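Chains, contacts and geometry: an overview
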Amino acid sequence: MALKTKSPFLLLILSFSLFSLLSTCSCECKFTANECTKVQGMFVFGSSLVDNGNNNFLLNSLAKANYLPYGIDFPLLGPSGRFTNGKNVIDIIGEHLKLPVYIPNFNDPETKGSKIVNGVNFASGGSGILDNTGAVAGEVISLNQQIRNFENVTLPELEQQLGCKSSESLKHYLFVVGSGGNDYSLNYFLGLSNSNVSLQDFTANLTITLSHQLKRLYNMGARRFVLMALYPNGCSPMARARNPMTTGCIESLNRAALLFNANLRSLVDSIRLQMSGSKLVFVNAYKVIMDILQNPTPKGFGDTKNPCCEVGGTGTLCKMGGNVCSKRNAYVYFDGLHPTEAVNIVLANKAFASNLKAEVYPTNVKLLSQV
């Protein structure tokens, strides 16, 4: 018996369905990877916790990590400018996203052409949300200037490389922002701001300023944001060393971080309503690291108080060529402030895949990369 011919109406429906499927995967941009890939790369903004070497190119910067023992466990790049013994949190998130390369830093003259299509890192150690933060660290790149570098230099070149406008391309990237800690340690608590400003008012100003900066990125085409909370810097070896009469963490520093983090988490909800089509993830780095500090053994850590490397006079950065501990994976802190690669791995893994809203809110980076 002969097969019945499908009706023209059914063929039309099937054709339309196929067209709809194809159209959702189409993209005008000339991406190097599969054009249907949800995330092509990351653009990174912030301070030393996410910096991968921008300060190396700043002649007058005192915040550099381009010497051993930094990078001692990073055979590929060595002391590249990352403030840790190996990979930083950005490197590890990039691996989770299966990006083909480590994100290059903006200040490197080689960061141009096809090398920018998987993203660029603009972060600068010692910098902050406010323009006057970090002056004691010499030359740094403020968050405002980082955004200007993205808008005026990288964005036009990206449009040229991909053959499409930023309104089309930037939705395929994550925008990671990790800034704010230095605004307290290298600004507010040094008395650089108006002495009459309360911690609450200073924090409110930081939050408002950051919201304007995020909106600037949104107006350029950014849609997916990862906002890193402040770490419990009051528990760092540097903070403890500067307050030797205190046995535990320095509560004034941690109180400021908690206040900022509460505002940042609330900002995720409020700013999304003002930025139609945007998706934001808040990574509670404070909780993740504090959980390690309070219960280190099950996570493989042994030393939660001392820096792994021999630190210099300020108690913050490693001495150039100084001594370094042998069991680096057992230390929480590599220098006086920055965590070891082992901590960065825990933090990045939580950011990427945790299902606990206390750690990532309202969702994780993996799900953000798939929407």
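In the nomenclature of an unreviewed UniProt entry, the protein corresponds to GDSL esterase/lipase At1g29670-like from the organism Nicotiana tabacum. Under Subcellular location (unreviewed entry), UniProt gives the following word-for-word description of the protein: "Secreted". Quoted verbatim from the Sequence similarities (unreviewed entry) heading of the UniProt record, the comment on the protein is "Belongs to the 'GDSL' lipolytic enzyme family."

1. What to know about the pattern of salt bridges
Applying the stated criterion across every chain, the model contains 9 salt bridges. Put simply, Lys87 and Glu95 hold a salt bridge, and the shortest N to O gap is 2.8 Å. Classification of Glu95 by relative accessible area gives partly exposed; the value is 36%. Between Glu359 and Lys350 there is a salt bridge whose closest N-O contact spans 3.3 Å.

2. Considerations on helix H8 (residues 251-274)
The end-to-end C-alpha distance of H8, which contains 24 residues, comes to 34 Å, matching closely the 34 Å that a straight helix rising 1.5 Å per residue would cover. Its maximal kink placed at Leu267, H8 deviates by approximately 35°. Among the residues of H8, Asn254, Ala256, Ala257, Phe260, Asn261, Leu264, Leu267, Val268 and Ile271 are the ones counted as buried. Residues of H8 that are buried in the fold lie against helix H5 (181-185), helix H6 (199-220), strand E4 (224-228), strand E5 (279-283), helix H9 (285-294) and strand E8 (360-361).

3. Some words on the layout of surface pockets
Here the largest pocket is characterised by a volume of approximately 440 Å³. Lining the largest pocket are 19 residues, and of these Ala137, Leu186, Thr314, Thr316 and Leu317 lie nearest its centre. Contributions of two or more residues to the lining of the largest pocket are made by H5 and helix H7 (237-242). For the lining of the largest pocket, the residue count by class is 10 nonpolar, 8 polar and 1 charged.

4. Details of the packing of H9 against helix H10 (residues 341-353)
In contact at an axis separation of 10 Å, H9 and H10 are set at 135° when each is read in the N-to-C sense. By the angle class used here, H9 and H10 are oblique. For the pair H9 and H10, the crossing hand works out as right-handed. Contacts from Ala285, Val288, Ile289 and Ile292 of H9 reach H10 at Val343, Val346, Leu347 and Lys350. Residues that form the contact of H9 with H10 fall into these classes: 7 nonpolar, no polar and 1 charged.

5. Considering the packing of aromatic side chains
As enumerated under the stated definition, the model contains 19 aromatic pairs in all. Relative to Phe260, the ring of Tyr184 has its centre 6.5 Å away and its plane inclined at 80°; by these criteria the two rings are edge-to-face. Placement of the pair is Tyr184 in helix H5 and Phe260 in helix H8, with a sequence separation of 76 residues. As far as the burial class goes, Tyr184 and Phe260 line up, both buried. One aromatic cluster is present, built from ring pairs that chain together Phe43, Phe45, Phe106, Phe122, Phe150, Tyr173, Phe175 and Phe225. Sitting over the face of the ring of Tyr102, Arg82 holds its NZ or CZ atom 5.7 Å from the ring centroid. Over the face of the ring belonging to Tyr361 we find Arg265, whose NZ or CZ atom lies 3.8 Å from the ring centre.

Cut-off values and rules
Residues numbered from 1 in each chain as written. Predicted model: local features only at pLDDT ≥ 70, side-chain atom pairs only at ≥ 80, totals over all residues. Heavy atoms only, no water. UniProt positions renumbered as here; feature names shortened; annotations may be inferred. Salt bridge = Lys/Arg side-chain N within 4 Å of Asp/Glu carboxyl O. Buried < 20%, exposed > 50% of the residue type's maximum accessible area, 1.4 Å probe, protein only. Helix = DSSP H or I, 4+ residues; strand = E, 2+ residues; numbered from the N terminus. Expected span 1.5 Å × (residues − 1). Bend = angle between axes of the 7 residues up to and from the residue. Contact = heavy atoms within 4.5 Å. 1 Å grid on protein atoms, 1.4 Å probe; cavity = no way out; pocket = protein on both sides within 12 Å on 5 of 7 lines; lining within 4 Å. Points joined across faces, edges and corners; volume = space filled by probe spheres on them. Nonpolar A, V, L, I, M, F, W, Y, C, P; charged D, E, K, R; others polar. Axes fitted to C-alpha atoms, helices over the stretch in contact; angles between N-to-C directions. Parallel < 35°, antiparallel > 145°, perpendicular 65-115°, else oblique. Left-handed = near helix turned anticlockwise from the far one by under 90°. Phe/Tyr/Trp six-rings, centres within 6.5 Å; stacked < 30°, edge-to-face > 60°. Lys NZ or Arg CZ within 6 Å of the ring centre and 35° of its normal.

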